Amino acid sequence: MKKVILFLLIILASLAGFYPADTAFIAAENHSHPANYEIQIPLPEHPRPDFERPDWINLNGEWQFKFDSANAGIDRQWFGEKNEYPDRITVPFSWGSNLSGIEDKADIGWYKKMIRVPSSWKGKRIFLVIGASDWLSKAWLDGNYIGEFQGGYSQFEFELTDHVSHDTPQDIVIRVDDSPHAFKLEGKQGYGNVRGIWQTPYLEARGKNFIEYIHFTPDIDRELVTVEGRLAARPESGASLLLAINENRANKKLVDQKLNPESRDFSFSVPIDDPRLWSIDDPYLYSATAELVSGKTSVDKVSTYFGMRKIGTMKLPGTDYMYVSLNNKPVYLKMTLDQAYHPDGFYTWPSDEFMRDEIIRSKKLGLNCNRIHVKIDLPRKLYWADRLGLLIMADVPNSWGEPDALMKKESETAMEKMIHRDYNHPSVFSWILFNETWGLFTKTDSGRLYLPQTQEWVAEMYRKAKALDNTRLVEDNSACNYDHVMTDINTWHAYLPGYGWEKMLDEFTGKTFPGSGFNFAKGYLQTNQPMLNSECGNVWGYEGSTGDIDWSWDYHIMMNQFRMHPKVAGWLYTEHHDVINEWNGYYRFDRSEKYPGFEELAEGMMLADLHSDIYLVPGSDLCTDQFPGAEVSVPLWISTMTDRVPAENAVIHARMKWWNELGVPFTDDLGTQVAPIKSWALTDAGTWKIKLPDTEGLAILSFRVEDPSGNAIHRNFLTFNITDSKENSLFDVTDPSGKFKVLSFGPAAPASQDWSVKQWISMNGKKLNGAGTGYFEYRVDIPSDIVLSDIIEATFRAELSAKELFGKDVGDSKMEGDYMRGKGTFDPGRNPNAYPMTDEKKFPSIVTISVNGRVIGTQYLPDDPADHRGILSWHSQLKDRKLRDAGSYGYLVSLSIPTDVLADAIRRRMFTIRLEANQIGGGLAVYGRNSGRYPLDPSFIFRMK
């Protein structure tokens, strides 16, 4: 009865939201839950789908816990005491993380959990396996010391066999010491200090002899896979390894490999007939079981998998440009920097579904690779990359100290264990040993230097990595200091404003060739490695970084320029998701969406269009100033980074959308033209000639590349600010709906204003802001040639938005601290360049508009947005590596002026217009002609007879 009641309580708790919906029920035990009760645990799945035994018990969930701030626990023998520890922690989440339930109060923590090893495991060897624990872990079973491991990122294990009492409650105690040491590998733990157990611990039953590891090395050219591994001990005479490979759903290949009784190691090859290759588009996995058999007895059994794929380098067809290759074809790498952090779990994901969705999020954007940054990630995330088809660059974490003997040992251990553990993941194509020379500098009288002896050690690390795995590419150092030593990929980092990319790419491609010393440390030269970017974006391209901004404008320019430089074999955008003090991710830290706004500028266009294998590059500038009626020639190129082209020719469909001086939209279908399309090539696609509208305004020229059947392959656009630079406040406009007189005024000089928080001018006088509640009031003289009898109707029109008060608007916006270690500000709007990008969180306001004391309307302003739609705000930025409200824009507000109000205003020869936000405190921003989205100042528009 008690079981039933507990089960119902757990179900109710789950429905009420007390437990994550994506956990599962398994049998587990601890002091809070008597034996055989069913409880929920996080991450219940086996943590190693690439190396899984049938007999295992997941130890995630609640453990007893206590801190040891005085480091007294060993002397006081906490490992043997029978009293319960006072706190409860949820494993496998780092203490200090929200999901652990424990605040970070000390460097040393003790864990205790009651286990019960089932009697069915008798006669087997029992191990405690821990996916990762940061940093020095020691363990006891019922007070008996069972081992220790030093290192924060690697899987380790302790054998319990000699101390196990089957079917009897026993206490596992784990002490984790995460005291600071300069030589420790930390990565970017400033984004969330990872402490203690952070990957799944579990019990596992193995045979008296067992398979320590099994590695599969595919050879697609010879249609075979080489199987290598090691046993815990030399096998008995006559023992064999029975390998079953599922070639497909119907067929299973069985191999009975006799083992050498004189050796623990085994190696043999298995033909794979007509192999189905693992690729990004078809990530096919061969599942396998390996069983150690002695006589007729099954001694040990492991489930695993592998992919038939080949990583290499080759020339882009028709060129001398070296590319990374997959399955003997070049692959244009479209990558992102994956900091692999979660706001509540730090290094540890809250669920298997979340790990799956991280891979889906990248693929949704049209990316084909993540670089998991200075972190060795959970194997299940790599499994999802394997299963869903996403390439992975895998980093070894870095220290923040100097390259002394202790640091070198930590690095070598982490590298060796990472390669050993993750060898069978087909998604991993590259190992990166160091990042940006972090942890490789030595303090000298001449400053911090990357010394020649350290460079030689890094070269030796490269050689060790190649010896451990010669099937993948290895980078010595993901370089930002032009200091490669020995590497398979010639990578570089660059953070620039959009306008800086063309010049930089010209320079880098010009300096890259065999024998060049560019991007290499003194005494080392390029060979013929693929040259690609391994970090890029605008986040560090502006003084003091960007803070949170619309990155899409600079990103759009950058993507166009990369495609115009095919010598660069790929790029890697920083970054996949925001972290605590960098907000330039494709997604927010909680993985909610950002909205760059492409679809409103070019019909059907999404961010993924900028990652298309077939890519149309229009012109060289994203926005240019043009005179009304100008005839413009737009050169076109098609960059094709695939051999799957729909036909010899593509059809380019053009459309122009523009807003005139009244903010009225127009569209014009400009027809089609045919352009050649060639695989693996940058092709001249001709020139598109257009005549711009005869009126001032803003025009978007969009292109849709189609196959012969009319299916869209790619979309892109560029824009024109159509202006004759007139300064007249009164001017005439004629459009298809009639003749108009426009009386405009600048937003920056109200006659009066009053705001509860702050009011200020931005965008060099083009935009006026008020925060909180308050008003702007303008007085606009009406010229004598505005006659009431000539007017059909009058309208007030302006671009307005809510105005959120950002950190930079409050006071000092100076940025301090080491961002790379989680220092600096945690306010996404404090950076002087910041203007947070449009996302799911809205900041609305309501503005009431009155003319000469009479309310003419109330308008809801949904947000204070900043994204690609703020074309004019981006176009107006000065090219001085600073940003001023970049990407921000408003909503076009248009209100009719009642006839009696208009008559009274003309009689007085003055409009007194008040814009008042007093209802919900969302503030107000008023945009001028070149400060937002629409090409107009606040205006009174008179439709004339």
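Structure first, text after, so check above.
The structure displayed is predicted, hence computed values, not measured ones.

S.K.: Account for the overall build of the protein, naming residues and giving values.
M.R.: Across its full length, the protein holds 11 helices and 53 strands. For the protein, whose C-alpha radius of gyration is 32 Å, the value lies close to the compact-globule estimate of 30 Å for 945 residues. Judged by the C-alpha coordinates and their principal axes, the protein covers about 110 × 65 × 65 Å. Intrachain contacts of the protein at a sequence separation of at least 6 include 72% that bridge at least 24 residues. When the accessible surface of the protein is summed, it comes to about 35600 Å², and 48% of that surface belongs to carbon and sulfur atoms. Counting 103 positive and 128 negative side-chain charges, the protein places the averaged centre of each group 1 Å from the other.

S.K.: How would you explain the environment of W56 if you had to name every residue and give the values?
M.R.: Considering the arrangement of structural elements, one finds W56 in strand β3 (residues 56-58). A C-alpha to C-alpha distance of 58 Å links W56 and V651, two positions 595 residues apart in sequence. Those residues in contact with W56, other than ones at most four positions away along the chain, are P44, E45, H46, P47, W121, Y202, L203 and E204.

S.K.: Hey, could you go over the sheet that holds strand β14 (residues 224-231) for me, with residue numbers and the actual values?
M.R.: As summarised here, the arrangement of the three strands in space is β13-β14-β17, forming an open sheet in which the pairing is antiparallel. This sheet does not close on itself; its edge strands, each paired only once, are β13 (211-219) and β17 (265-271). Between one strand axis and the next, the sheet turns by 15 degrees as a mean value, whatever way the strands run. As paired elements, β13 and β14 share eight bridges and run antiparallel to each other.

S.K.: Please set out the sheet that holds strand β35 (residues 631-640) residue by residue, giving values where relevant.
M.R.: With respect to topology, three strands assemble into an open sheet ordered β33-β35-β38, the strand pairing being antiparallel. The outermost strands of the open sheet, each flanked by one partner alone, are β33 (614-618) and β38 (681-691). Taking each pair of neighbouring strands and ignoring which way they run, the sheet shows an average axis angle of 20 degrees. As paired strands, β33 and β35 are joined by five bridges and run antiparallel to one another. Counterpart to I614 in the pairing with β35 is T640. Contacts between helix α7 (residues 552-563) and the sheet are confined to β33, β35 and β38, with β33 contributing the most and set at about 110 degrees to the helix.

S.K.: So what's going on with the pattern of salt bridges? Residues and values would help.
M.R.: Oppositely charged side chains may form a pair once their charged atoms are brought near each other. Applying the stated criterion across every chain, the model contains 70 salt bridges. A salt bridge links R371 to E535, with the nearest nitrogen and oxygen atoms 3.2 Å apart. Of this pair, R371 sits in strand β24 (residues 369-372) while E535 sits in strand β31 (residues 531-537); the two residues are 164 residues apart in sequence, bridging distant segments of the chain. On the basis of relative accessible area, R371 is assigned to the buried category, the value being 0%. E535 sits in the buried class, given a relative accessible area of 4%. Between R715 and D609 there is a salt bridge whose closest N-O contact spans 3.8 Å. On the criterion of sequence distance, the pair formed by R715 in strand β40 (residues 712-722) and D609 in the loop between α8 (598-601) and β33 is long-range, its members being 106 residues apart. For the pair R715 and D609, one class covers both residues: buried. Here the salt bridges do not stand alone but share partners, grouping R53, E157, E204, R206 and D300 into one network.

S.K.: Can you break down unusual backbone geometry residue by residue, with the values?
M.R.: Look at the link from V91 to P92: it is a cis peptide, with omega at 20 degrees. Along the chain, the position of P92 falls in the loop between β5 (87-91) and β6 (108-116). Residues T574 and E575 are joined by a peptide bond in cis, for which omega reads 25 degrees. Among the secondary structure elements, E575 is positioned in the loop between β32 (570-573) and α8. Although it is not a glycine, S545 sits at a positive phi angle of roughly 75 degrees. Looking at the element boundaries, S545 is found in the loop between β31 and α7. Located in the positive-phi region is M763, a residue other than glycine, with phi close to 55 degrees.

S.K.: Explain the layout of surface pockets residue by residue, including any values.
M.R.: Of the pockets and cavities examined, the largest pocket occupies roughly 870 Å³. What lines the largest pocket is a set of 36 residues, and nearest its centre among them are E212, Y213, K417, H420 and R421. Elements with a minimum of two residues in the lining of the largest pocket: β10 (156-159), β12 (196-206), β13, β14, α4 (405-421) and α5 (452-468). Sort the elements by how many residues they give to the lining of the largest pocket and α4 lands first, with seven residues. Grouping the constituent residues of the lining of the largest pocket by class yields 16 nonpolar, seven polar and 13 charged.

S.K.: I'd like a rundown of the state of the cysteines, residues and numbers included.
M.R.: Disulfide: a covalent bond formed between the sulfur atoms of two cysteine residues. Summed over the entire model, instances satisfying the criterion amount to zero disulfides. We note that C480 lacks a disulfide partner, and the nearest cysteine sulfur, in C536, lies 14 Å from it. Classification of C480 by relative accessible area gives partly exposed; the value is 29%.

S.K.: Residue-level account of the packing of aromatic side chains, with values.
M.R.: Tallied over the entire structure, the rule returns 56 aromatic pairs. Summarising the aromatic geometry, the rings of F127 and F210 are spaced 5.3 Å apart at their centres and angled 75 degrees between planes, so their arrangement reads as edge-to-face. On the criterion of sequence distance, the pair formed by F127 in strand β7 (residues 125-134) and F210 in the loop between β12 and β13 is long-range, its members being 83 residues apart. You can call F127 buried: its relative accessible area is 5%. Taking relative accessible area as the criterion, F210 reaches 4% and is therefore assigned buried. When the ring of W659 is compared with that of Y934, the centres are 5.7 Å apart and the planes differ by 90 degrees; the resulting orientation is edge-to-face. In this pair, W659 is assigned in strand β36 (residues 649-660) and Y934 in the loop between β52 (924-927) and β53 (939-944), connecting sequence segments 275 residues apart. W659 sits in the buried class, given a relative accessible area of 5%. What links up through ring pairs into an aromatic cluster is the set Y482, W492, W501, F508, F518 and F562.

S.K.: Tell me what's going on with the side chain of H556, and back it up with residues and numbers.
M.R.: Take H556: it is sitting in helix α7. For H556, a relative accessible area of 0% puts it in the buried group. Separated by 2.9 Å, the side chains of H556 and H868 make a polar contact.

S.K.: I'd like to hear about the packing of helix α6 (residues 501-510) against α7, residue by residue, with values.
M.R.: The geometry of α6 relative to α7 is characterised by a closest axis approach of 9 Å and an angle of 30 degrees between their N-to-C directions. Put simply, α6 runs roughly parallel to α7. Between α6 and α7 lies a crossing of right-handed hand. The residues of α7 that touch α6, namely those facing W501, E502 and L505, are M558, Q561 and F562. Taken together, the residues that form the contact of α6 with α7 break down as four nonpolar, one polar and one charged.

S.K.: Which residues make up the nonpolar core, and what values do they have?
M.R.: Within soluble globular proteins, side chains that are nonpolar generally end up buried alongside one another. By size, the foremost hydrophobic cluster in this structure holds 128 residues, and its most contacted members are F429, W492, W501, Y555, F562, W571 and Y586. Aside from chain neighbours lying at most four places away, what touches Y555 is W571, Y573, Y586, L607, L610 and H611. Grouped together as the second largest cluster of nonpolar side chains are 35 residues, A794, L800, V847 and F942 included.

S.K.: Just give me the short version of the environment of Y542, but keep the residues and values in it.
M.R.: Within the element layout of this structure, Y542 appears in the loop between β31 and α7. For the pair Y542 and D880, spaced 338 residues apart in sequence, the C-alpha to C-alpha distance is 8.4 Å. Not counting residues within four places of it along the chain, the set of residues in contact with Y542 comprises P497, G498, D554, N833, W874, R881, K882 and L883.

What counts, and where the lines are drawn
Residues numbered from 1 in each chain as written. Predicted model: local features only at pLDDT ≥ 70, side-chain atom pairs only at ≥ 80, totals over all residues. Heavy atoms only, no water. Helix = DSSP H or I, 4+ residues; strand = E, 2+ residues; numbered from the N terminus. Rg over C-alpha atoms; globule rule 2.2 N^0.38 Å. Contact = heavy atoms within 4.5 Å. Areas by Shrake-Rupley, 256 points an atom, 1.4 Å probe, with all protein chains shown as cover. Lys, Arg positive; Asp, Glu negative; His and termini not counted. Charge placed at Lys NZ, Arg CZ, Asp CG, Glu CD. Pairing = 2+ DSSP bridges. Axes fitted to C-alpha atoms, helices over the stretch in contact; angles between N-to-C directions. Salt bridge = Lys/Arg side-chain N within 4 Å of Asp/Glu carboxyl O. Buried < 20%, exposed > 50% of the residue type's maximum accessible area, 1.4 Å probe, protein only. 1 Å grid on protein atoms, 1.4 Å probe; cavity = no way out; pocket = protein on both sides within 12 Å on 5 of 7 lines; lining within 4 Å. Points joined across faces, edges and corners; volume = space filled by probe spheres on them. Nonpolar A, V, L, I, M, F, W, Y, C, P; charged D, E, K, R; others polar. Disulfide = S-S within 2.5 Å. Phe/Tyr/Trp six-rings, centres within 6.5 Å; stacked < 30°, edge-to-face > 60°. Polar contact = N/O pair within 3.5 Å; in protein donor to acceptor, adjacent residues only side chain to side chain. Parallel < 35°, antiparallel > 145°, perpendicular 65-115°, else oblique. Left-handed = near helix turned anticlockwise from the far one by under 90°. Core = buried A, V, L, I, M, F, W, Y, C linked by side-chain atoms within 4.5 Å.

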